[in-house]
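Remarks on the overall topology
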Amino acid sequence: MSTCIFPRVANERLPQLLQAIPEGYDITNKTILDYGGNRGNLLEDGDEADMIDPSNYTSMDVDPDGLEFLKKLYPTTNTIHYDRYNPAYRHQGIPMLPFPQADDTYDIVYSYSVNTHSSWQDYVFDISEMTRVCKPGGLVFTSKFELTCIQHMLDKRVKDWDIFEGDPGGTDRTVSDFQDVTDVIYLVDNNTLLNIDDQIPQQSKYLITYYNEGWLLNQIHGMGYKTELTRSDKPRIQTLIRLIG
Ligand SMILES: C[S@@+](CC[C@H](N)C(=O)[O-])C[C@H]1O[C@@H](n2cnc3c(N)ncnc32)[C@H](O)[C@@H]1O
């Protein structure tokens, strides 16, 4: 994974976000932090729909290439290169680096397909930072894999990934490796499955994090938030989780 300009995924991020926001909430003119936003898939949807002004949008990512691409496309938008460690995306970054923003900065803090590629410890830290930088009464979203997404990722892993030199990119893993998980399971690189207490290798090339839904929601509720889930009818699209509280 390490550095990549994520592919354009048209008309998926915005429609799902609109479905997930409370009735009557107007996102026009709201400031949005897209945490792990890469090349700005949400902004492109929002700009085309005339609902997100580039100057109100910020993509904060550990990957400078995605941000550079976004800035060329939308010179007036905001990008933040965040030098945080991630086992697959940024090996040289700083672990648990606080977000650079002040408290209560954004109306909406949105994150899609970021904590599905990080450790549980990172997810806990991100929840506290995402909610900290969101204004009181603002909206905070994160995402999680469904098993259908895992199937999609495994298929994709077989077909597309040639990141392992001398390795055609296959995996022996199947969805059945994930379906009985009671808390968290990590798929690291080709075939390695790790549990919540295992150490993820410092420099992996590929990381998928799958959560048992009941366990995950219990943990988040234990942190003091209520949750609202927005699932998609497209099997490969992750479920958005709104954190309330
Ligand atoms: C699978 S891509 C999703 C990109 C984008 N959110 C989208 O949905 O199109 C994951 C993104 O998260 C970024 N990322 C991973 N860990 C991060 C972290 N701790 N902070 C910010 N970005 C991170 C990666 O660099 C990558 O751009």
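What you see is a predicted model, and the numbers here were worked out from it, not measured in a lab.

Scoring rules and cut-offs
Here, residues in each chain are numbered from 1, in the same order as that chain's written sequence. Restriction of local features to residues with pLDDT of at least 70 applies here, the model being predicted, together with a cutoff of 80 or more for giving and counting side-chain atom pairs; totals for whole chains, interfaces and linings are based on all residues. Each helix is a run of H or I in the DSSP string that is no shorter than four residues. Each strand is a run of E no shorter than two, and both are numbered from the N terminus. With C-alpha atoms as the basis for the radius of gyration, the globule rule is written as 2.2 Å multiplied by the number of residues raised to the power 0.38. Note on burial: count the other C-beta atoms lying within 10 Å of the residue's C-beta; 20 or more is buried, 12 or fewer is exposed, in between is partly exposed, and C-beta positions come from the backbone. Note on contacts: residues are paired as contacts if their backbone-placed C-beta atoms lie within 7 Å. Residue ranges assigned to each domain were obtained from an automatic or database domain assignment. Note on residue categories: nonpolar means Ala, Val, Leu, Ile, Met, Phe, Trp, Tyr, Cys or Pro, charged means Asp, Glu, Lys or Arg, and polar means any other residue, Gly included. Strands qualify as paired when DSSP identifies two bridges or more between them. Fitted lines through C-alpha atoms serve as axes, helices being fitted only where they are in contact, and the angles separating the N-to-C directions of these axes extend from 0 to 180 degrees. Each residue receives a C-beta atom built from its backbone; the residue is near a molecule or strand if that atom lies within 6 Å of it.

Let us now look at the overall build of the protein. In terms of regular secondary structure, the protein is built from seven helices and 10 strands. At 17 Å, the protein has a C-alpha radius of gyration in line with the 18 Å of a compact globule built from 245 residues. Principal-axis analysis of the C-alpha atoms gives the protein an extent of 45 × 40 × 35 Å. A buried classification covers 37% of the 245 residues belonging to the protein. Of all intrachain contacts in the protein linking residues separated by at least 6 positions in sequence, the fraction that spans at least 24 positions is 64%.

What follows concerns the domain arrangement of the protein. By the assigned domains, the protein splits into domain 1 (13-145 + 216-244) and domain 2 (147-212). Computed from C-alpha atoms alone, the centre-to-centre distance between domain 1 and domain 2 is 23 Å. Listed as interface residues are 15 residues of domain 1 and, on the opposing side, 19 residues of domain 2. Taken together, the residues of the side of domain 1 that touches domain 2 sort by class into six nonpolar, seven polar and two charged.

Backbone geometry at asparagine 38 places phi at a positive 50 degrees, although glycine is not the residue there. Within the secondary structure layout, asparagine 38 lies in the loop between strand S1 (32-35) and helix H2 (41-48). Overall, asparagine 38 belongs to the buried group, with 25 C-beta atoms counted inside 10 Å. The phi angle at aspartate 189 is positive, at roughly 50 degrees, despite the residue not being glycine. Mapping aspartate 189 onto the fold places it in the loop between strand S6 (184-188) and strand S7 (192-195). Accessibility expressed as a C-beta count within 10 Å gives 16 for aspartate 189, which makes it partly exposed.

What follows is about the sheet that holds strand S8 (residues 207-211). Overall, antiparallel pairing links the three strands, which are arranged S7-S6-S8 in an open sheet. Two strands bound the open sheet, and with one partner strand each, they are S7 and S8. Taken pair by pair, the neighbouring strands of this sheet meet at an average axis angle of 20 degrees, ignoring direction. With four bridges joining them, S6 and S7 adopt antiparallel strand pairing. Paired with valine 188 across the strands is threonine 192, a residue of S7.

What follows is about the sheet that holds strand S4 (residues 106-110). Strand order in the open sheet formed by seven strands is S3-S2-S1-S4-S5-S10-S9, with mixed pairing between adjacent strands. The open sheet terminates on both sides in strands that have one partner only, identified here as strand S3 (78-81) and strand S9 (226-230). Direction aside, neighbouring strands of the sheet carry axes that sit 20 degrees apart on average. In this structure, S9 lies alongside strand S10 (residues 239-244), joined through five bridges in antiparallel fashion. For threonine 230, the partnering residue across the bridge sits in S10 and is leucine 240.

Close to the ligand lie 21 residues, the nearest being Gly36, Asn38, Asn41, Asp63 and Asn86. Split by residue class, the shell around the ligand holds nine nonpolar, nine polar and three charged.

Here we take up the environment of serine 113. Note on placement: serine 113 falls in the loop between S4 and helix H4 (120-133). Judged by the 19 C-beta atoms lying within 10 Å of it, serine 113 is partly exposed. When sequence neighbours within four positions are dropped, the list of residues in contact with serine 113 reads Ser143 and Gln238.

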